[in-house]
Amino acid sequence: MTKALPSVSRPATPGFATFDEPSHSLLIDGDGEPDFGAIQTSDDFLDLKRRVKRFILPATVLFLAWYVTFVLLSAYAAGFMSTPLFGTVNVGLTMGFLQIVTTIIITMAYARYSKRKLDPQVDKVRALVETDEELA
Amino acid sequence: MTGANTAINLSVFGIFVLLTLYIVYRASTRNVSASDYYAAGSSFTGTQNGIALSGDFLSAASFLGISGAIAVNGYDGFMYSIGWVVAWLIGLMLISERLRNTGRFTMGDVMAFRMRQRPVRAAAANATLVISLFYMIAQMAGAGGLMALLLDVHSKVGQAVIIAVVGIVMVLYVLVGGMKGTTWVQIIKAVLLILSVSMLTIFLIGKFGFDFSSMLDRATQRSPLGEAVLSPGVKYGASDLSKIDFISLALALVLGTASLPHVLMRFYTVPNAREARKSVVWATWMMAIFYSCILVIGFGAMALVGSDKITSAPGGENSAAPLLAFQVGGTVLLGIVCAVAFATILAVVAGLTLTASASFAHDVYANVIKHGETNPADEVRVARITAVCVGVLAIVGGIAANGQNVAFLVALAFALAASANLPTLLYSLFWKRFNTRGTLWSIYGGLTSCVLLIVFSPAISGSKSSMFPDVDFAFFPLSNPGIVSIPLSFLAGFLGTVLGGEKADPAKQAEMEVRGLTGIGSGLR
């Protein structure tokens, strides 16, 4: 990780002041292109990264571990997996079906989390570079 | 079996082809730009693209291969479908949005984003072409088996002719429609496929009084394996080696899905990252419904048709779903199911052809040969020529692979994708230090090790069910190489990076990371 820097690391051209927008310096370089280095170390972007990580990391570890467990049990614990649960439906078939269910749950949870926590933060970061003309 | 009703089957199928060709023709824009041809001008909504994604993904391997594998091997066949559903979480959380934000048309756009353009693009295109060809050959082989059943064509020559016809029609879709036309074919096909499998499922389960348990009960009586068919291990439980093969397969399925080039390319047909996310959510729902239904259809086929009859039918395992349709709904339902399966093959192969041609034209021709200085019209012309060449190769390969289990062949394509693409994509998206050398090592390391292990596996030689049963050069004991080649590719990418080569460009890395997460600089809204 690079050291935390103040949100603007090199001189950026001052943005156009508007009446209703709070004035903050736009992270745009001399040619009007976004200053990616400065954005990458800005607080808003770091916050976005933290929010992304907070969901994706545990969710990915969880679903991969759950899937691998299922596969390993199928390969090495056939006896356990063929224990009947409901009539002829055994543990293995139920667990397999539950994999589908958990996939749907994680998918919907991620969609919801993105809408609530990620998208607004993405908009915040994008606002750092959006000039007034683009907002119009 | 169906000789007298060939006419019905053929006409259902013929109507589908004519109808879709007409739609493809209408959807195609007159003045085709590169963006239209490759990415349908990014004009599809998340919902439309989600349905098209499932259309692209749900191949003959899923419909015919998986239902057949379940009908014959029970539990071990069911494993495939689980991996293919769970895999979408990788696409959803790690790949789709970042890919949409950083690339334009191909996987090479993302892999080469912060690397030296020419070698990385060439490598990405090589991987795309090899994977697409493998996948296509599997689909074409499925077409042969299906037609054997549908038209009662038993001679290899007759089936070869049919495979050639499939190849020609799919090239037509691509040439006429580009991405827009192909996407509409996927949407129509996905809707047809999901509707027909859900209706078949409701009907089947109704036949057993909506009691899945009693259906399984009946199924075990019709299988020579008896109760064992519901437990793991029928196909892969024989020895320690076959258990490792099973784990290898499971790994390839879950890691390969989100790195298949034709799936990746779909994310460019939507206007922004949020729509890309929405498409994966839709696709995941479609997968969940489809594979739950296939579970019922597979065991239904076992219960009503019987495993023995399926294995001895022309087309073997792949014929379980059509045979079941014939059993419960006579020739009309058989015709419908076969037409849907056929549509599936056509659409998937068209999607693959498009991807392969885009990759060659955009990455190799425009960026490697012409150094990025070509006009879009030339690029599209090259893409079209490539589509024809790829079509010819797929026809030849399909004829050679005719008769193999489609799901098994497709699993090899997944192993290739998981080995060559996934490590590279993940490193370049998430690892700051990753450099050009690491990229090349992980793509080529994964690709070549995987291809070599397949060549020297029992899938190609040395056993009754291999492609060349009469010779034996199978040094590698596993039929799916994923468990070796996937970690190898991760390792190669890591070593290539830490052992030298030029340093990663921090400015480019910053741009890629910011752009990947927010879309700043991509021009997308």
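Each value, and the rule that gives it
- Residues numbered from 1 in each chain as written.
- Chains lettered and ligands numbered in written order.
- Predicted model: local features only at pLDDT ≥ 70, side-chain atom pairs only at ≥ 80, totals over all residues.
- Heavy atoms only, no water.
- Salt bridge = Lys/Arg side-chain N within 4 Å of Asp/Glu carboxyl O.
- Helix = DSSP H or I, 4+ residues; strand = E, 2+ residues; numbered from the N terminus.
- Axes fitted to C-alpha atoms, helices over the stretch in contact; angles between N-to-C directions.
- Parallel < 35°, antiparallel > 145°, perpendicular 65-115°, else oblique.
- Left-handed = near helix turned anticlockwise from the far one by under 90°.
- Contact = heavy atoms within 4.5 Å.
- Nonpolar A, V, L, I, M, F, W, Y, C, P; charged D, E, K, R; others polar.
- pLDDT = per-residue confidence, 0-100.
- Buried area = accessible area lost by both parts, 1.4 Å probe.
- Polar contact = N/O pair within 3.5 Å; in protein donor to acceptor, adjacent residues only side chain to side chain.

1. A word on the pattern of salt bridges
Thought 1: According to the stated counting rule, one finds 13 salt bridges over all chains in the structure shown.
Thought 2: Linking A:Arg51 and A:Asp47 is a salt bridge whose minimum nitrogen-to-oxygen distance equals 3.3 Å. One end of the pair is A:Arg51 and the other is A:Asp47, both in helix α2 (residues 43-76) and 4 residues apart, which spans about a single turn.
Thought 3: B:Asp363 is the partner of B:Arg121 in a salt bridge, and the nearest nitrogen-oxygen pair spans 2.5 Å. Residue B:Arg121 is located in helix α8 (residues 117-150), and its partner B:Asp363 is located in helix α15 (residues 320-369); the two are separated by 242 residues in the primary sequence.

2. Digging into the packing of α2(A) against helix α11 (residues 240-256) of chain B
Thought 1: Orientation of α2(A) relative to α11(B), taken along the N-to-C sense of each, is 160°, at an axis distance of 9 Å. If you check the angle between α2(A) and α11(B), you find them roughly antiparallel. Where α2(A) crosses over α11(B), the handedness of that crossing is right-handed. Between α2(A) and α11(B), the contacting residues are A:Tyr67, A:Val71, A:Leu72, A:Ser74, A:Ala75 and A:Tyr76 on the first element and B:Lys243, B:Ile244, B:Phe246, B:Ile247, B:Ala250 and B:Val254 on the second.
Thought 2: Here the contact of α2(A) with α11(B) is built from residues that sort into 10 nonpolar, 1 polar and 1 charged.

3. Some details on the confidence of the model for chain B
Thought 1: Averaged over all residues, the pLDDT of chain B is 88; the fraction at 70 or higher stands at 98%.
Thought 2: Element-level mean pLDDT values for chain B span from 80 in helix α1 (residues 6-27) of chain B up to 96 in helix α20 (residues 482-498) of chain B.

4. Overview of the environment of B:Phe208
All names here are of chain B.
Thought 1: Structurally, Phe-208 can be placed in the loop between α9 (156-207) and α10 (212-222).
Thought 2: Residues Phe-208 and Gly-300, spaced 92 residues apart in sequence, show a C-alpha to C-alpha distance of 9.5 Å.
Thought 3: Beyond its immediate stretch of four places on either side in the chain, Phe-208 contacts Ser-214, Met-215, Arg-218, Ala-303 and Leu-304.

5. Examining the interface of chain B and chain A
Thought 1: Contacts between the two partners involve 48 residues from chain B and, on the opposite side, 54 residues from chain A.
Thought 2: Three residues stand out in chain B for area buried against chain A, namely B:Leu89, B:Met93 and B:Ile520, and they jointly supply 14% of the buried area on that side.
Thought 3: For the pair chain B and chain A, the interface holds 4 salt bridges.
Thought 4: At the junction of chain B and chain A, the tally comes to 12 residue pairs in polar contact (both at pLDDT 80 or more).
Thought 5: Elements with a contribution of two residues or more to the side of chain B that touches chain A: α5 (75-86), α6 (88-102), α10, α11, α13 (273-304) and α21 (506-518) of chain B.
Thought 6: Examining the composition of the side of chain B that touches chain A, we find that 8 residues originate from one element, α13(B), more than from any other.
Thought 7: Class assignment for the residues of the side of chain B that touches chain A results in 29 nonpolar, 9 polar and 10 charged.

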